[in-house]
Amino acid sequence: MSAPQLLDLLILTLIWAGIAAAWNLLAGFAGQFSLGHAAFIGIGAYAAAITATRYGLTTWAGIAGGLVVSGLLALFIASISLRMRGPFFTLLTIAFSEVVRLIALYAKGLTNGAEGIIIELKPGLANLYFLEKWPFAVLAGLYALVMYVLCALVRRSRLGHWLVALRDNEDAARSLGVPVYRARVIAAVISASLASVGGALLAMYTQYIDPDSTLSFLLSVEPALITIVGGLGHAAGPFLGALLIVPLEKLLRGWFGGMLFGLHGLIFGIVLIVVLLAAPDGLISAAGNWRAQWSRRHA
Amino acid sequence: MDFVLVAFVVVVLGGLGSLPGAVIGGFLIGVVEQFSGFFMDTSLRQIVYFAFFIIVLVLRPAGLFGQRGAEEIGLQ
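In what follows, the accompanying structure is described. (Residues numbered from 1 in each chain as written. Chains lettered and ligands numbered in written order. Predicted model: local features only at pLDDT ≥ 70, side-chain atom pairs only at ≥ 80, totals over all residues. Heavy atoms only, no water.)

As a further point, take the side chain of Thr-90 of chain A. Residue and element names in this part refer to chain A. Summarising the element assignment, Thr-90 is placed in helix 4 (residues 87–106). Here the side chain of Thr-90 touches Phe-33 through a polar contact of 2.8 Å, landing on its backbone oxygen. Apart from the residues within four sequence positions on either side, Thr-90 is in contact with Phe-33 and Leu-35. (Helix = DSSP H or I, 4+ residues; strand = E, 2+ residues; numbered from the N terminus. Polar contact = N/O pair within 3.5 Å; in protein donor to acceptor, adjacent residues only side chain to side chain. Contact = heavy atoms within 4.5 Å.)

Laid out in structure tokens, this is it:
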């Protein structure tokens, strides 16, 4: 494997780790299982691409815009779904992300519809557009680092304790004075805006976006998959999960993609099943258990 | 994927666990989809029925014929 390929894997792994960490804030900490984060990834991607290519503004303005729009949309979704739990909330998020995808397909004047947008800009930090890969690796690393620190901070903050309390037992949490609805809405807004930043990075890295590559349902599943494999509700879980899932997915596609149709997907599925059977609570918990066993044996 | 999603939407719209709900939900979604395709724009069909689904879910979170309060406990 060559150095550019390795760098490519690294960049995608770091960006997806960050997005999964954003998802983990809502699903892992607050227990609100969203399958609509593709909407926020897509909004971030389109906001960055449209402001940069169409209006000639710096990409950073697009990222900020996408962050605000995603946050507002999450505020709206969270406030109309305050009382919903379990499958009802999940379905509502799926419906919302589908609506966003269909609007992106329909509003051709703004998004170019199914043709997508090719991102071509003057290279430089102001446009977040580079011809080499390494600046993206630095940016993706920064994004992942910031996401990890934020998640760890939120987990330790008062908000984090509220979220975990209401996830484990909402009635008990409310009786102890946790502002359940407010905490849930705040978690949704933070999670959505942070995911949109990851979406923008993804768009600037691939330099081409269309509704299928930024808003499809599969993009909502990806962060969930990464987080569940890594460890739902642990700050480090999404990072461990991304380290396994993203390279595995890409490498299997590279190795077996040309052979039999769908073979790479089959192998990927089998590996996932084995991993989840061996570590049902995620890699983080499994690693903790294995370490405990090892130290007991060697005590 | 499209069929899975429509099936979910229909069942939740009618109310999870309710058989007449599923029938009526399917009927409603089909009619809304086709009418909006005819009167507005065929590419807007899905947007309209998802919007319809969201509105119903907001007004009656358990679905049209679902058990009241099911949305708050989650499905057991």
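Taken together, Phe-27, Val-31, Phe-35, Phe-38, Phe-39 and Met-40 of chain B make up a surface patch of nonpolar side chains, about 740 Å² in accessible area. Its place among the elements puts Phe-35 of chain B in helix 2 (residues 19–39). (Patch = residues over 30% accessible without salt bridge, like charges linked within 9 Å, V, L, I, M, F, W, Y side chains within 5 Å. Areas by Shrake-Rupley, 256 points an atom, 1.4 Å probe, with all protein chains shown as cover. Salt bridge = Lys/Arg side-chain N within 4 Å of Asp/Glu carboxyl O.)

Moving on: the pattern of salt bridges. Residue and element names in this part refer to chain A. The final tally for this structure, using the stated rule, is five salt bridges over all chains. Among the salt bridges present, the one from Arg-167 reaches Asp-168, with a minimum N-O distance of 3.1 Å. On the accessibility criterion, Arg-167 (34% relative accessible area) is partly exposed. For Asp-168, a relative accessible area of 55% puts it in the exposed group. Linked by salt bridges that have partners in common, Glu-170, Arg-174 and Arg-184 make up one network. (Buried < 20%, exposed > 50% of the residue type's maximum accessible area, 1.4 Å probe, protein only.)

Tallying the contact residues gives 22 residues for chain B and 17 residues for chain A. Taken together, the two surfaces of chain B and chain A that pack against each other cover about 2000 Å², and 79% of this comes from carbon and sulfur. For the pair chain B and chain A, the interface holds one residue pair in polar contact (both at pLDDT 80 or more). At the level of secondary structure, the elements contributing two or more residues to the side of chain B that touches chain A comprise helix 1 (2–14), helix 3 (45–59) and helix 4 (70–73) of chain B. Top element by residues in the side of chain B that touches chain A is helix 3 of chain B. It accounts for seven residues. Across the side of chain B that touches chain A, the residue classes break down as 16 nonpolar, three polar and three charged. (Buried area = accessible area lost by both parts, 1.4 Å probe. Nonpolar A, V, L, I, M, F, W, Y, C, P; charged D, E, K, R; others polar.)

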